[in-house]
Amino acid sequence: MKLQKIREGKAVVWAQPDEVPGASVFYNPRMALNRTLSALALSALSTRLKKRMVLDGFCASGIRGIRYALESGLTDVTFLDLNPDAIALAKKNAKLNKLEKITKPEFVAESFDRFATSGRCFDVVELDPFGTPAPFVANALRLLPRFGVLSVTATDLATLCGSKNRPAKRRYDARPLYVEYGHELALRILAGFVVRQAAMQDIGAKPVFSYYQDHYAKCLFWARRGAQAADGALEKIGFISHCTHCGHRVVGQLEKCVCGKSVQWVGPLWLGDVQDESVLAAMKTTVAATKGDDAKLQAILDLLSGESGLPPYHFDLHKVGRGSVSPKMDAVLAQLKKAGFKAARTHYNPTAVKTDATLANLKRIISES
């Protein structure tokens with residue numbers, strides 16, 4: 001392997017750049033933000049965990065597990081990968097970062113599903129495979145204790161966003177839709193799938209930190225064993241009705257749109273908040289206390305916080321205002337709030353808003369702005 005040293009967060013690792021043809025151990029620099037935000041979220045959640053043991057499934061170079069140990073206060077990290085080259089590199093990188101001084105690293109060359117039958121338990125299970133995580137979610141849940149965190153990344157957004165309906169049905173037992181707010185639907189389909197898989201094992205799973213970026217959707221779930229917790233989580237599973245004729249959208253399963261046309265149902269998916277405000281607040285505090293105060297991270301967290309309590313969809317102002325002067329975001333937000341609606345920017349799209357106003361209300365306000 002041709003390796004180069006890479007610094008990411010508090011870690012320094014040997015890795016093969018992702019552009020190297022046929023690289024035996026995958027490393028993707030575009031996932032650095034994913035790892036940064038995940039480490040921040042786990043740091044915020046670590047006080048809820050009993051033993052703070054983490055399984056870095058599909059560990060590859062080990063960069064994620066190493067950062068969790070260095071930045072999130074997780075005391076025992078198990079690096080798991082079927083590829084022996086990955087395990088060898090993870091060992092090399094753990095030693096480079098002197099992990100043995102702060103945690104108890106363990107290295108296992110085995111398939112994720114086989115390892116899941118070991119009877120082991122981890123406070124945090126990291127599931128970041130190449131492509132869809134769907135085939136591994138059930139076994140990942142089995143590795144959790146009574147209370148724990150399941151961290152899931154999905155990179156098969158073409159499937160989740162609706163450009164490929166049949167794979168979405170097979171993998172997530174859900175129907176996506178290719179629309180302008182498809183990335184939010186994708187994240188919510190992923191979250192809904194995990195919640196439903198958890199409920200089958202009498203586990204209540206609730207998203208506590210979630211976001212979309214580039215080519216992936218990321219969700220961290222607080223999981224609690226118990227039939228009552230599972231039933232409560234399932235109450236937030238449902239559908240969204242969307243009219244492809246006029247663009248009207250609403251929670252629930254309608255037969256006809258307000259315009260009289262038929263609608264399409266999207267789901268099942270998660271309809272509740274995908275963030276926990278206490279987790280976001282702790283993450284913001286950590287970022288603010290960091291020397292240099294990372295403005296990019298603060299901006300992302302502010303956007304995620306602003307989305308809480310709003311409907312499980314958003315509106316692209318450029319699409320809504322098509323045929324008129326391009327609406328100005330600040331003016332539209334101000335007018336929506338003045339009219340008594342909730343409204344905020346969204347991290348899914350810089351030209352979109354989340355609001356409890358109907359499409360008709362939004363069109364009227366855009367025309368007056």
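Here is a short report on the structure shown in this document.

Definitions and cut-offs
Residues numbered from 1 in each chain as written. Predicted model: local features only at pLDDT ≥ 70, side-chain atom pairs only at ≥ 80, totals over all residues. Heavy atoms only, no water. Helix = DSSP H or I, 4+ residues; strand = E, 2+ residues; numbered from the N terminus. Buried < 20%, exposed > 50% of the residue type's maximum accessible area, 1.4 Å probe, protein only. Lys, Arg positive; Asp, Glu negative; His and termini not counted. Salt bridge = Lys/Arg side-chain N within 4 Å of Asp/Glu carboxyl O. Polar contact = N/O pair within 3.5 Å; in protein donor to acceptor, adjacent residues only side chain to side chain. Contact = heavy atoms within 4.5 Å. Disulfide = S-S within 2.5 Å. Pairing = 2+ DSSP bridges. Axes fitted to C-alpha atoms, helices over the stretch in contact; angles between N-to-C directions. Parallel < 35°, antiparallel > 145°, perpendicular 65-115°, else oblique. Left-handed = near helix turned anticlockwise from the far one by under 90°. Nonpolar A, V, L, I, M, F, W, Y, C, P; charged D, E, K, R; others polar. Expected span 1.5 Å × (residues − 1). Arc of directions from axis to C-beta.

Considerations on the side chain of Asp81
Tracing the backbone shows Asp81 in strand 4 (residues 76-81). Buried and without a salt bridge, Asp81 has Arg64 as its closest oppositely charged side chain, separated by 11 Å. One polar contact links the side chain of Asp81 to the main-chain amide nitrogen of Cys59, over a distance of 3.3 Å. There is a polar contact of 2.9 Å between the side chain of Asp81 and the backbone nitrogen of Asn83. Not counting residues within four places of it along the chain, the set of residues in contact with Asp81 comprises Phe58, Cys59, Ala60, Ala86, Ile87, Val108, Ala109 and Glu110.

Some words on the state of the cysteines
Evaluated as defined, the whole model comprises zero disulfides. Distance from the sulfur of Cys59, which forms no disulfide, to the nearest cysteine sulfur (Cys121) is 20 Å.

Some points on the sheet that holds strand 11 (residues 249-251)
If you trace the three strands from one edge of the open sheet to the other, you get 11-10-12, paired in antiparallel fashion. Since the sheet does not close on itself, it has two edges, and those belong to strand 11 and strand 12 (264-270), each with one partner. Direction aside, the axes of adjacent strands within the sheet are offset by 25° on average. Judged from the three bridges that link them, strand 10 (residues 237-242) and strand 11 form a sheet pairing that is antiparallel. Paired with Ser241 across the strands is Val250, a residue of strand 11. Those strands touched by helix 8 (residues 182-200) are strand 10 and strand 12, and its axis lies near 55° from that of strand 12.

Things to note about the pattern of salt bridges
The full count for this structure, using the stated rule, is 16 salt bridges. A salt bridge links Arg171 to Asp156; the nearest nitrogen and oxygen atoms lie 3.2 Å apart. A residue pair is termed long-range when its members are at least 10 positions apart, and Arg171 in helix 7 (residues 165-172) and Asp156 in the loop between strand 7 (147-154) and helix 6 (157-160) qualify at 15 residues. Owing to a relative accessible area of 31%, Arg171 belongs among the partly exposed residues under this scheme. Look at the salt bridges and you will find they share partners, linking Glu8, Arg35, Arg67 and Glu71 into a network.

Structural notes on the side chain of Ser151
Considering the arrangement of structural elements, one finds Ser151 in strand 7. Of note is the side chain of Ser151, whose polar atom sits 2.7 Å from the side chain of Lys218. For Ser151, the residues in contact, after removing those within four places along its chain, are Tyr68, Val125, Glu126, Leu127, Lys218, Cys219 and Leu220.

With respect to the packing of helix 1 (residues 32-45) against helix 10 (residues 277-289)
For the pair helix 1 and helix 10, interaxial distance at closest approach is 9 Å and the crossing angle is 110°. On the basis of their axis angle, the class for helix 1 and helix 10 is roughly perpendicular. Once helix 1 is placed against helix 10, the crossing between them reads as right-handed. Side by side, helix 1 and helix 10 meet where Leu37, Leu40, Ala41, Ala44 and Leu45 of the first sit next to Val279, Ala282, Met283, Thr286 and Val287 of the second. In terms of residue class, the contact of helix 1 with helix 10 is built from nine nonpolar, one polar and no charged.

Some words on unusual backbone geometry
Omega for the bond connecting Gly267 with Pro268 falls within 30 degrees of zero, at 5°, which places this linkage in the cis form. Looking at where Pro268 falls in the secondary structure, it is placed in strand 12. The phi dihedral of Ala60 is positive, around 50°, even though this residue is not glycine. When you line up the elements, Ala60 lands in the loop between strand 3 (53-57) and helix 2 (63-71).

Description of helix 11 (residues 295-306)
In this model, helix 11 (twelve residues) spans 16 Å end to end at C-alpha, consistent with the 16 Å of a helix rising 1.5 Å per residue. All of the buried residues in helix 11 are Leu297, Gln298, Ile300, Leu301, Leu304 and Ser305. Down the axis of helix 11, the buried side of the element spans an arc of 160°, and every buried residue falls inside it. With respect to the buried face of helix 11, the exposed residues turned more than 90 degrees away are Ala295 and Lys296. Looking at the packing, one finds that the buried side of helix 11 touches helix 1, strand 8 (203-213) and helix 10. The opening residue of helix 11 is Asp294, an N-cap whose side-chain oxygen sits 3.0 Å from the backbone nitrogen of Lys296.

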